[in-house]
Amino acid sequence: MAGLYIHIPFCKRKCIYCDFYSIAGSPDLMGGYAGALIDEFDNRKDELGGERISTVYLGGGTPSLMPAGLLSKIVSHIGLGGVEEVTIEVNPDDVTMEYVKGLVDMGFNRVSMGVQSFIDSELRLLNRRHDAKGARNAVDILKRCGIHNISIDLIYGIPGQTLQSWRESIDAALSLDVPHISAYNLTYEEGTRLTMMRDKGRIKEVGDELCVGMFDALSGLLSDAGYEQYEISNFSKPGMYSRHNSSYWNFTPYLGLGVSAHSFDGRKRRYNPSNLREYVKLIKEKGYAYRVEEETENQLYNEWVMTRLRTKWGLDINDLGTRFGRHYEKTAAEILEKYSGDGDIHLENGIARLTKKGIMISDMIFRDLFVV
């Protein structure tokens, strides 16, 4: 099996925290980009080595800004027959009955919606273009059109956010009865408006202690509501994991199409440029736009350790030795044993999993496990 990621870089406005590549889109620009995506797919599909595409994910940017006709042109060319999960990221403001019916007709069966908060003042600070009411209405429209596999993104650690307002956002998300919720701690990336606002003293970062309290509230409330924390930032009702994202965590090969998209075949990573004009020019000239990075054994080991430990399935220490060699296994086992004694790692039948306490210091555990 293999995954296919398609990057749609267009946005109406830039959220203050976003460091992903995105630009404003015009009909001509979007039409030319759709053509380039199709050409890139035709020229690169053999990189999957004949593996069947089992998941397709359209991310961005804001894929829901792409006109339905262009989306249909892209996905019909790729062909979704036999694809189990077809996801598109949407902004609540773009969700209409007509648009969603079009998505269903194209074969989309899962929607990931960037809500981030159900507190309007927090949404305004983040420069989101929807309000809480719009997010609720969007979920209702999706369900009425037959899409019930819905994921909602939330953010905690927003400047001015309190534990109470965060609980209100969680409760609002739970009231919508969606099968999947992802929640992320707000990060201050270099070059974003958020970071510049902080550096100029216009906003203040939420303290670590409060962020830990918010994470505790998140995991507790979602657990009580029947959600399973299957990855540090991802919660789902039983069996409703994101299949596409889960494939990233077990090194399933995937092909990334579009500007700034990444691909991985198990050993090599390919990176497309983060510039639309350069991307389209290279596709026209060569049929591809990527540069290749051959990962070292240490890099592959580091990624495997981190991604597996982030999930509920944990890190199989014997499998680690089979994949990378007994030296790596021995080194990791010694470090994991130490953290197990401290209550940060649960070890059972050769499987290492982060405890709730360990999740709070997961970055430290990863650093100790990494080989440079």
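Residues numbered from 1 in each chain as written. Predicted model: local features only at pLDDT ≥ 70, side-chain atom pairs only at ≥ 80, totals over all residues. Heavy atoms only, no water.

Novice: Looking at this model, I keep getting lost on the pairing of strand E6 (residues 180–185). Mind explaining?
Specialist: Looking along a regular strand, one sees the side chains alternate between the two faces of the sheet. For strand E5 (residues 150–156) and E6, the ladder comprises 6 bridges, and the chain directions are parallel. By the bridge assignment, Leu154 is partnered in E6 with Ala183. Regarding the hand of the β-α-β motif, the stretch spanning E5, helix H6 (residues 163–175) and E6 is right-handed. Summarising the sheet, E6 and strand E8 (residues 234–236) pair through 3 bridges and their orientation is antiparallel. When the sheet's bridge partners are listed, Ser182 is paired in E8 with Asn234. (Pairing = 2+ DSSP bridges. Helix = DSSP H or I, 4+ residues; strand = E, 2+ residues; numbered from the N terminus. Right-handed = clockwise from strand over helix to strand, strands pointing away.)

Novice: In this structure, what is going on with the side chain of Glu231? I would like to understand it.
Specialist: The residue Glu231 is located in strand E7 (residues 228–231) in this model. One polar contact links Glu231 to Asn234, side chain to side chain, over a distance of 2.8 Å. A distance of 2.5 Å separates a polar atom in the side chain of Glu231 from a polar atom in the side chain of Arg310. When near neighbours in sequence (up to four residues on either side) are disregarded, Glu231 contacts Trp249, Arg310 and Thr311. (Polar contact = N/O pair within 3.5 Å; in protein donor to acceptor, adjacent residues only side chain to side chain. Contact = heavy atoms within 4.5 Å.)

Novice: Even after reading the chapter, I still don't get helix H1 (residues 27–44), so can you show me in this structure?
Specialist: Because the α-helix completes a turn every 3.6 residues, residues three or four places apart line up on one side. Helix length check: H1 (18 residues) gives 26 Å between terminal C-alpha atoms against 26 Å at 1.5 Å per residue, within 8%. For H1, the set of buried residues is Met30, Tyr33, Ala34, Ala36, Leu37, Ile38, Glu40, Phe41 and Arg44. (Expected span 1.5 Å × (residues − 1). Buried < 20%, exposed > 50% of the residue type's maximum accessible area, 1.4 Å probe, protein only.)

Novice: Looking at this model, I keep getting lost on the side chain of Glu122. Mind explaining?
Specialist: Position of Glu122 among the secondary structure elements: in helix H4 (residues 120–126). An unpaired buried charge is present at Glu122: no salt bridge exists, and Arg124, the closest side chain of opposite charge, is 10 Å distant. A polar side-chain atom of Glu122 sits 3.4 Å from a polar atom in the side chain of Gln161. Not counting residues within four places of it along the chain, the set of residues in contact with Glu122 comprises Ser117, Ile158, Gln161, Ser165 and Ser169. (Lys, Arg positive; Asp, Glu negative; His and termini not counted. Salt bridge = Lys/Arg side-chain N within 4 Å of Asp/Glu carboxyl O.)

Novice: Honestly, the packing of H6 against helix H8 (residues 208–224) in this entry has me stumped. Any pointers?
Specialist: A pair of packed helices is characterised by two quantities: the angle between their axes and the separation of those axes. Put simply, H6 and H8 touch, their axes get as near as 10 Å, and they point 25° apart. It follows from the interaxial angle that H6 and H8 lie roughly parallel. Regarding H6 and H8, the two cross each other, and that crossing is right-handed. Seen from H6, the contacting residues are Leu163, Trp166, Arg167, Ile170, Asp171 and Leu174; seen from H8, they are Leu210, Gly213, Met214, Ala217, Leu218, Leu221 and Leu222. Residue composition of the contact of H6 with H8, by class: 10 nonpolar, 1 polar and 2 charged. (Axes fitted to C-alpha atoms, helices over the stretch in contact; angles between N-to-C directions. Parallel < 35°, antiparallel > 145°, perpendicular 65-115°, else oblique. Left-handed = near helix turned anticlockwise from the far one by under 90°. Nonpolar A, V, L, I, M, F, W, Y, C, P; charged D, E, K, R; others polar.)

Novice: Honestly, the pattern of salt bridges in this entry has me stumped. Any pointers?
Specialist: It is possible for side chains bearing opposite charge to pair when their charged atoms get close. One pass over the full model with this rule turns up 22 salt bridges. Arg198 is paired through a salt bridge with Asp199; the nearest N and O atoms lie 3.1 Å apart. For Asp199, a relative accessible area of 54% corresponds to the exposed category. Here Lys281 makes a salt bridge to Glu285, at a shortest N to O gap of 2.9 Å. Note that Lys281 and Glu285 are positioned in helix H10 (residues 276–286) at a spacing of 4 residues, about one turn of the helix. On the basis of relative accessibility, which here comes to 47%, the residue Lys281 falls in the partly exposed class. Shared partners join several salt bridges into a network, and the residues in it are Glu40, Arg44, Glu47, Asp265 and Arg270.

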